[in-house]
Structures are given as structure tokens and as C-alpha cells.
Amino acid sequence: MNSKKYHIWTIGCQMNVADSNHVAAELDALGYEPVERDEEADVIVLNSCVVRQSAEDKVVGHTQSLKALKRRRPGVKIALMGCFVGIHPSPELQKQFPHVDFFLPPSDPSSLITALAAESGTAKQLETQTTTARHRLQDEATTTPGPAYQSIRHLSLYREPPVAAYIPIVYGCSHACTYCIIPSRRGAEKSRRLNDILAETRDLVRQGVREITYLGQIVDRYGKDWGGSPDLADLLYEASHIPGLWRIRFLTSHPNYLDDRILQAVAELTKVCEHIEVPIQAGDDEVLRNMRRGYTVAEYKQLVAKIRRMIPGAAIHTDIIVGFPGESETQFMGSYRILRDLRLDKAHLARYSPRPGTVSARTMTDDVPDDEKRRRHQTLETLQEGILRQKNAALVGQTMEVLVEGQHKGKWRGRTRTDKIVFFHHPQDMQGRLVQVRIEKYGPYSLQGEFMEDVSTTT
Ligand code: SAH
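No experiment lies behind these values; they were computed from the predicted model shown.

### Focus on the sheet that holds strand β5 (residues 102-104)
Now for step 1: Here we have five strands laid out as an open sheet, ordered β2-β1-β3-β4-β5, and parallel in their pairing. Among the strands making up the open sheet, the edge pair consists of β2 (33-34) and β5.
Now for step 2: As paired strands, strand β3 (residues 43-48) and strand β4 (residues 77-82) are joined by six bridges and run parallel to one another. Within β4, the residue paired with V43 across the bridge is K77.
Now for step 3: Contacting β3, β4 and β5, helix α5 (residues 110-120) crosses the sheet at an angle of about 135° to β5.

### Considerations on helix α2 (residues 53-65)
Now for step 1: With 13 residues, α2 ought to run about 18 Å at 1.5 Å a step, and its terminal C-alpha atoms sit 18 Å apart, in line with that.
Now for step 2: On its buried face, α2 sits against β1 (5-10), β3, α3 (67-72) and β4.

### Section: the pattern of salt bridges
Now for step 1: For the coordinates displayed, the defined rule picks out 36 salt bridges.
Now for step 2: The partner of R376 in a salt bridge is E372, and the shortest N-O contact between them spans 2.8 Å. Taken as a pair, R376 and E372 lie in helix α16 (residues 370-393) at a separation of four residues, close to a single helical turn. There is no split in this pair, since R376 and E372 are both buried.
Now for step 3: Within this structure, E211, R247, R249, E401, E405, R415 and D419 form a network of salt bridges that share partners.

### A word on the packing of aromatic side chains
Now for step 1: According to the stated counting rule, one finds six aromatic pairs in the structure shown.
Now for step 2: Taken together, a centroid distance of 6.4 Å and an interplanar angle of 35° make the contact between Y295 and Y300 tilted.
Now for step 3: A relative accessible area of 0% means that Y300 is categorised as buried.
Now for step 4: Relative to F451, the ring of F424 has its centre 6.2 Å away and its plane inclined at 25°; by these criteria the two rings are stacked. In this pair, F424 is assigned in strand β16 (residues 421-424) and F451 in strand β18 (residues 447-454), connecting sequence segments 27 residues apart.

### Observations concerning the domain arrangement of the protein chain
Accessible area lost upon the coming together of the parts serves often as the stated size of an interface.
Now for step 1: The domain architecture assigned to the protein chain consists of domain 1 (5-128), domain 2 (135-273), domain 3 (278-393) and domain 4 (399-454).
Now for step 2: Taken residue by residue, the interface counts eleven residues in domain 2 and 14 residues in domain 4.
Now for step 3: Counting each side, the surface lost to burial between domain 2 and domain 4 is near 970 Å², with a carbon and sulfur contribution of 50%.
Now for step 4: On the domain 2 side of the interface with domain 4, the three residues burying the most area are V163, W246 and R247, jointly 56% of the side's total.
Now for step 5: Across the salt bridge formed by D419 and R249, the nearest N and O atoms sit 3.9 Å from each other.
Now for step 6: Inspection of the domain 2/domain 4 interface yields seven residue pairs in polar contact (both at pLDDT 80 or more).
Now for step 7: For the side of domain 2 that touches domain 4, the class distribution of residues is five nonpolar, one polar and five charged.

### Regarding the site of the ligand
Now for step 1: The environment of the ligand is formed by 16 residues, the closest being Y179, Q217, Q281, D319 and S353.
Now for step 2: Separating a nitrogen atom of the ligand from a backbone N or O atom of Q217 is a distance of 2.9 Å.
Now for step 3: A distance of 2.8 Å is found between a nitrogen atom of the ligand and a backbone nitrogen or oxygen belonging to S353.
Now for step 4: The fraction of the free accessible surface of the ligand (530 Å²) that becomes covered by protein chains is 89%.
Now for step 5: Looking at the shell around the ligand residue by residue, the classes come out as seven nonpolar, four polar and five charged.
Now for step 6: A domain-level breakdown of the shell around the ligand finds at least three residues from each of domain 2 (135-273) and domain 3 (278-393).

### So, unusual backbone geometry
Now for step 1: Here the amide bond leading from S229 into P230 is cis, since omega sits at 0°, within 30 degrees of zero.
Now for step 2: Backbone torsion omega between L251 and T252 reads 5°, so that peptide bond is classified as cis.
Now for step 3: For S107, which is not a glycine, the phi torsion comes out positive at approximately 65°.
Now for step 4: Along the chain, S107 falls in the loop between β5 and α5.
Now for step 5: Here S107 falls in the buried class, since its relative accessible area comes to 2%.
Now for step 6: Backbone geometry places R292, a non-glycine residue, at a positive phi of 55°.
Now for step 7: Overall, R292 belongs to the partly exposed group, its relative accessible area being 48%.

Rules of the game
- Residues numbered from 1 in each chain as written.
- Predicted model: local features only at pLDDT ≥ 70, side-chain atom pairs only at ≥ 80, totals over all residues.
- Heavy atoms only, no water.
- Pairing = 2+ DSSP bridges.
- Helix = DSSP H or I, 4+ residues; strand = E, 2+ residues; numbered from the N terminus.
- Contact = heavy atoms within 4.5 Å.
- Axes fitted to C-alpha atoms, helices over the stretch in contact; angles between N-to-C directions.
- Expected span 1.5 Å × (residues − 1).
- Salt bridge = Lys/Arg side-chain N within 4 Å of Asp/Glu carboxyl O.
- Buried < 20%, exposed > 50% of the residue type's maximum accessible area, 1.4 Å probe, protein only.
- Phe/Tyr/Trp six-rings, centres within 6.5 Å; stacked < 30°, edge-to-face > 60°.
- Domains from an automatic or database assignment.
- Buried area = accessible area lost by both parts, 1.4 Å probe.
- Polar contact = N/O pair within 3.5 Å; in protein donor to acceptor, adjacent residues only side chain to side chain.
- Nonpolar A, V, L, I, M, F, W, Y, C, P; charged D, E, K, R; others polar.
- Near = heavy atom within 4 Å.
- Areas by Shrake-Rupley, 256 points an atom, 1.4 Å probe, with all protein chains shown as cover.

This is the structure we're talking about:
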């Protein structure tokens, strides 16, 4: 008999990518095989995002588009997962999408996996493995006081393991920025056990993964929800001892929690990449107050100066929202000046989108017209692109360490420690190799270079 097939569609943040890998691993363990096209699948999982209206529209559109498929093949199982569903799936969802069989909270595919396992008679087996069946987010979040999560077993994580993988270390978020829907959809902040994370890291490395990115909505709050020890710095020190793991990253940081212990760990540990993602969100103190971010522009600038002092050559990435309620032209220019003056290494730009249930949607007027949001977005994009061109031009002639993640249009593609994308030619299979590349050409978003030497190690 042919094995059953699954297809996973993912949009949104890195946490969703990690969650989808987890679902894939669970389905692999049940004997399912991944397929590219949803028409060929017996199980379809849509892993959703609602951070902005545009993402939500895509989720609704994609979910609706599967209606015809379900009519043609009623046996196909459709699961809608993630932030569109939220930690407490509303009964309304079933009415809105009668063709969907499972509604799965973020990071928790247990009801799907248990049902499929029961169907194939592997339920008993499954229970003896510490898999999703015991990884119940809501229950543990409400009944267990301490660190609660069982390990997520990335049982096989694709047929061929990726070079770089994500591991969630803090679920949910308790910060409640006024614009953000994530806390209500992903629930309260909850750190995972250090030993589970380390075991999972070792597992992935054993399968061939070379770079791990630890994830959390506010990753530097790792451990803070249960007393602060062990914390993210401890995790970085511990993970650095894992043989065969070459690179470690973590994201996303919050300016108030990215403390000196963490920065010191990045500075000291050679495996931890000098790459910090720390969003400012706005370059004006009143807007930051309205967003309830908890810091000022001056404090953010001091933090950037400190990162650069403690971690020479660090790449610093930020996020900025334009058109937050009440953002005047003058206040917007604060965001412009921040990008112009700080010359950061990446800026994720977003136009403000009111989200249901958030403080800003309930109590503030979305008064910056769409055209104006677009203009502000474009203005910052053009500015940042110019900065990146200049910064990348300065790299020409330098030799940089690149971890090769795959191929693209006949070239090898990898990233530097500072998260820059580099392409180069080589006749042999370079996947998963750590190489030195001399940079020869540049654009704002990637570099091209010539292969110099393979510096892959065994430790
Ligand atoms: N917890 C992480 C990621 C949040 S979502 C953090 O704090 O950085 C990723 C980005 O989406 C945010 O940093 C923010 O810039 C943007 N974002 C969140 N809510 C938004 C909204 N309502 N409208 C527009 N952009 C939003």
C-alpha cells in the first residue's frame, strides 16, 4: 500500500516555521510522507498568522480555497493551526469553515496527531514516546506552576535534515504591546525546560543540523517566568558545549530584557553569532509610550551603542511600525532619523494594522490614511536600502565565513555569522559546509563571492 501523504502550508514568523517542522516530524513518525502539492495530500495543515490584516486575509483565502478539494475528496483531512485559531479555539470557527476537520492552537498539533495515530492503530506506541500527545499547551499552562513543556521531538525533521533549524524556548508572550495580537493568540509566556532544549539541540545536531536559532517572542525573557535561573545566557553557555553544533542564534530580543549577561555570552562564546534582533518599533517617545514598549528612544540608542561596544562587528536588526494611531509626520521622522543615524543591518518594516481585541484597536483611532502609511513605509525602505548598499559595498574584498544552506539557481547559498546572504559557485556538493568566501559583488540584500577554502570542523 502507498503511504499516506501530507502537505503543510506555513506563513508568519519563525515560531510558525518551527511549529510546522514539529508537525512534519510527528507526521513522519506516523509514516506519512510530505508532498509539494495539496491536491496529492491526505492531510493538509495550514499554519496561520494574524499579526496583520494582510496575513489574516491570506489565511482566510487559502482556507476557503480548499473547499472545492474537500468536496472532491471528502476523505482528505484539513487542519487549520496557529494564531488564527488561538489557544482557545472558538466554536465560531467550525461554522465559518465547515470543511476544516481540526482547529489546532499554536504549537499544539496534539488533537490531529492523536486522531491520526488512533486511525492507524499506533496510539499505544505514540503514548510511550514523549510526543505531542503529552505536549498540551493550554492544560499545562493553567495547571502547572513551573516550567511545564515536554520535549518536542523533532523525530526526523524532513527526510534530509536542514543545515539550520529553529527551536522554540519560550512559548507565548505576556508583554502586551498595545498593537500586538500575539499574547492573546499564543497565551501567557512560558519557558521550556533547559534540559529539554539541550536534548533537542543535541538530537538535531546528531541528525546533521549545524546552526540552531532559539526562539521566543521575547527570547531574552527565557527563564524569567520561573525565577530567572537558568536564563538565556546559561542556555547559550550550555549549548556551546555541544560538539558538532557550529552556530547559535536567538531571536527576538526586547530592549528592556537584553541584559549584560546575554551580551557578555554573545561576546565570549565563539559559537554564538554576533547577530542581535532587537526591535525599536518607533523613533518617538510618545508613540513608544502609546505602544507600551517600556523604553525611550535615548535608551534604545544607548543599548545599540552598548551592543556595538561589547560585541564588535555585531549585526543589529530592528522592526519598525509606521502609521501607528496618532503618529504625526514629526513623530514618523523620529523613526527616519533612528534608521539614518544608527545604520542598522536590517529593518523589518510594517504598516500599522489594527488587530481585534488589542488595546490600540479598542481605544485608539487608526487615523493615518493607508496612502500615507505606504509613503512612510516606502520612505524608510528606500533609506534603509541605501544604507545597506553602503554597508555591503564596504565588505567587497573581505573574506567571510559562510555556512552553506542550499543551492539557488546553480549557486551555493549560505549566511555569514552576521546573517548576510552570500552566493558563490563551486563544482562540488557544499551543502552543510562551513566555508570562507571572498566577497566580490553586492546588492542591498545579498552578497556574491568567490570560494576560498572549506573550514568545516568536526567539533
Ligand atoms: N514578539 C516579537 C515579534 C512580534 S511580531 C517582537 O516583539 O519583536 C513581528 C513584528 O510585527 C513586530 O515586531 C511588529 O513590528 C510587527 N507588528 C506586530 N503587530 C503589528 C500590527 N498590529 N500592525 C503592524 N505591525 C505589527
